[in-house]
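These are the residues of each chain, in order.
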Amino acid sequence: MRLFLFCSDMIIPVIILGIVCYGVTQHVDVYESFIKGANSGFQTVIKIMPTMLALMIAVGILRASGLLEAIGMRIGSMTDHIGFPGELVPLTVVKMFSSSAATGLLLDLYKEYGTDSRIGLIASISMACTETIFYTMSVYFMTAKVRKSRYTLPGALIATFAGIAASVVLAGMF
Amino acid sequence: MNKTGDEMLNILWSSMIIAGILYSVVTGNVSDISNAALDSSKEAVTLCITMLGVMAFWCGLMQIAEDAGLVEKMSGKMQPVIHFLFPQLPKNHPANKHITTNIIANILGLGWAATPAGLQAMEELAKLEESRRSLKGIASNEMCNFLILNISSLQLIPVNVIAYRSQYGSVNPASIVGAGIIATSISTLAGIVYFKIMDRKR
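Residues numbered from 1 in each chain as written. Chains lettered and ligands numbered in written order. Predicted model: local features only at pLDDT ≥ 70, side-chain atom pairs only at ≥ 80, totals over all residues. Heavy atoms only, no water.

Caption draft 1: Representation of the overall build of chain B. The number of helices and strands found in chain B is eight helices and zero strands. Element order for chain B, N to C, with α for helix and β for strand: α-α-α-α-α-α-α-α. The globule rule puts the C-alpha radius of gyration for 202 residues at 17 Å, and the 21 Å found for chain B is more than 25% above it. When each of the 202 residues of chain B is scored for burial, the buried share is 53%. Contacts in chain B between residues far apart in sequence, at least 24 positions, make up 64% of those at least 6 positions apart. By element, 63% of the accessible surface of chain B is carried by carbon and sulfur atoms, the whole surface being about 9,300 Å². Each charge sign in chain B was given a centre, from 15 positive and 14 negative side chains, and these centres are 12 Å apart. (Helix = DSSP H or I, 4+ residues; strand = E, 2+ residues; numbered from the N terminus. Rg over C-alpha atoms; globule rule 2.2 N^0.38 Å. Buried < 20%, exposed > 50% of the residue type's maximum accessible area, 1.4 Å probe, protein only. Contact = heavy atoms within 4.5 Å. Areas by Shrake-Rupley, 256 points an atom, 1.4 Å probe, with all protein chains shown as cover. Lys, Arg positive; Asp, Glu negative; His and termini not counted. Charge placed at Lys NZ, Arg CZ, Asp CG, Glu CD.)

As C-alpha cells, then:
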C-alpha cells in the first residue's frame, strides 16, 4: 500500500520533469510554450466560471432544503447492502448527464464529509474514471447523424459501472 | 454541438432550483435558502481562483508537450493499438488520425482538443459506413467501439479533481492519482472486452 501511494506521489513530478526535459532536447522555447498554454488554461476557467456559479448555487439550494439528504437516505438503504454509500447515488446519476452539475454535487460531498473520508475518496476516484454517457452519446451521434446507437449504451454502462466498482474497492485500500 | 448539453443543463438546473425551493417550503427550511444561494456563489468564485492556478499550470505543461512534438510521436506508436481496437478500419483511412488524437488528448486530460477530434472521427466513420452499406442513421461497429472507448474515459491525471480536493482541504490532493489510473484502466478494459465480443458477433 505504501508503494502504491508513493507511485501516486511520483507520477506528477515525473511527468513535469519528462515533458520539460523532452522540450529542452527538442529545442522548444519551453518557457514561451508554457506561458502560451497557461494563458489558454486561464481562459478556459474564466469561460466556465458562470456555469460553475450557477450550478453551485443550485446544489446549495438543494442541500439547504434537505432534499439531497432525503434522496440519499432513501436510495442509500437499498445500495448500502452492496457496499455502495447512498450519498454517492445522486452524484453517480447526475454525472451521466452533465459533468458540471456533477461537479457541484462532488464539492458538496467534500464539504459535508471531507475530501479524504471514504465517501470523499470514492467520489474523487469515480469522478476521475467516468464520463457523461448521455451527453457524449447525443453530441457524437448527432454529428454522425446516427439515430440507432446499437450496443453503445450497454457498453458504456458496463464500463462506467466497472469503474465505479473499482473506485469503491480502491478507496477501501487507503 | 453545445445544444444538447445546454438543453440537458437547462432541465437539470431549473429542476434543481424548483425542487429545492418547493421542498424547503414543505419542510420549513425556507429561511436557509437565501443564505445557501449567497454562500454558494461566494464559494464558486473562491473555487475558480484555485482552478485558475491549477489549470493554467497544467495547460502550460501540455503546451510544451505539444510544441515539442510529443503528441505526434505518441500517435505514431498508437497505430497497432488502433488496429487491434478497430480491425475493420482501413489502415490509411482519415478516421485513424482523428481517433488517435482523441484518445491521446483524453489520456492527457486535454478535453478541448479531444472533442473536436472525436467529432471529426465520427464524421469520417459515418462516411465510411455510407460507402459500405449506404444505410443511413445506424451506428457502425467502429462508431460503437469508439464511443464506448471514449466514454470509459482513459485519463492519466484528473487535474480538475485534484484542484477541487486541494481547495477543500485535502491533506494530499494528488493521492488519488494512482487509484484513478487503476480504476480508469479497469473501466476501459471492461468496455473493450464488451465491444470485442459484440464486434465478433457482427
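Picking up after the structure, the text goes on.
Caption draft 2: Layout of the pattern of salt bridges. Here the structure, examined in full by the defined rule, presents seven salt bridges over all chains. In this structure, the salt-bridge partner of Glu43 of chain B is Lys111 of chain A, at a minimum N-O distance of 3.1 Å. Within this pair, whereas Glu43 of chain B is found in helix H2 (residues 31-67), its partner Lys111 of chain A is found in helix H5 (residues 99-113), the two belonging to separate chains. A salt bridge links Arg133 of chain B to Glu129 of chain B, with the shortest nitrogen-to-oxygen separation between them at 2.9 Å. Of the two residues, Arg133 of chain B and Glu129 of chain B both sit in helix H5 (residues 111-133), four residues apart, roughly one turn of that helix. Counted as one network, the salt bridges with shared partners bring together Glu129, Arg132, Arg133 and Glu142 of chain B. (Salt bridge = Lys/Arg side-chain N within 4 Å of Asp/Glu carboxyl O.)

Caption draft 3: Quick look at the interface of chain A and chain B. At the junction of the two partners, chain A supplies 96 residues and chain B supplies 100 residues. Across the chain A/chain B interface, buried area totals approximately 8,300 Å², and carbon plus sulfur atoms make up 77% of it. Across the chain A-chain B interface, the total number found is two salt bridges. The partner of Asp116 of chain A in a salt bridge is Arg165 of chain B, with the nearest N and O atoms 2.8 Å apart. The interface formed by chain A and chain B includes 20 residue pairs in polar contact (both at pLDDT 80 or more). Where the side of chain A that touches chain B is concerned, the elements lending two or more residues are helix H1 (2-25), helix H2 (30-65), helix H3 (67-79), H5, helix H6 (118-129), helix H7 (133-143) and helix H8 (152-171) of chain A. With 27 residues, the top contributor of residues to the side of chain A that touches chain B is H2 of chain A. When its residues are assigned to classes, the side of chain A that touches chain B shows 59 nonpolar, 28 polar and nine charged. (Buried area = accessible area lost by both parts, 1.4 Å probe. Polar contact = N/O pair within 3.5 Å; in protein donor to acceptor, adjacent residues only side chain to side chain. Nonpolar A, V, L, I, M, F, W, Y, C, P; charged D, E, K, R; others polar.)

Caption draft 4: Summary view of a negative patch on the surface. Taken together, the side chains of Glu69, Asp80, Glu87 and Glu112 of chain A define an acidic patch exposed on the protein surface. As for its position among the elements, Glu87 of chain A is in the loop between H3 and helix H4 (89-95). (Patch = residues over 30% accessible without salt bridge, like charges linked within 9 Å, V, L, I, M, F, W, Y side chains within 5 Å.)

Caption draft 5: How the structure looks around the packing of helix H6 (residues 141-151) of chain B against helix H8 (residues 177-201) of chain B. Residues and elements named next belong to chain B. Running from N to C, H6 and H8 point in directions that differ by 170 degrees, and their axes come no closer than 9 Å. Put simply, H6 runs roughly antiparallel to H8. By crossing handedness, the relation of H6 to H8 is classed as right-handed. Each of Asn141, Asn145, Ile148 and Leu149 in H6 lies in contact with H8, whose residues at this interface are Thr188, Gly191, Ile192, Tyr194, Phe195 and Asp199. Here the contact of H6 with H8 is composed, by residue class, of five nonpolar, four polar and one charged. (Axes fitted to C-alpha atoms, helices over the stretch in contact; angles between N-to-C directions. Parallel < 35°, antiparallel > 145°, perpendicular 65-115°, else oblique. Left-handed = near helix turned anticlockwise from the far one by under 90°.)

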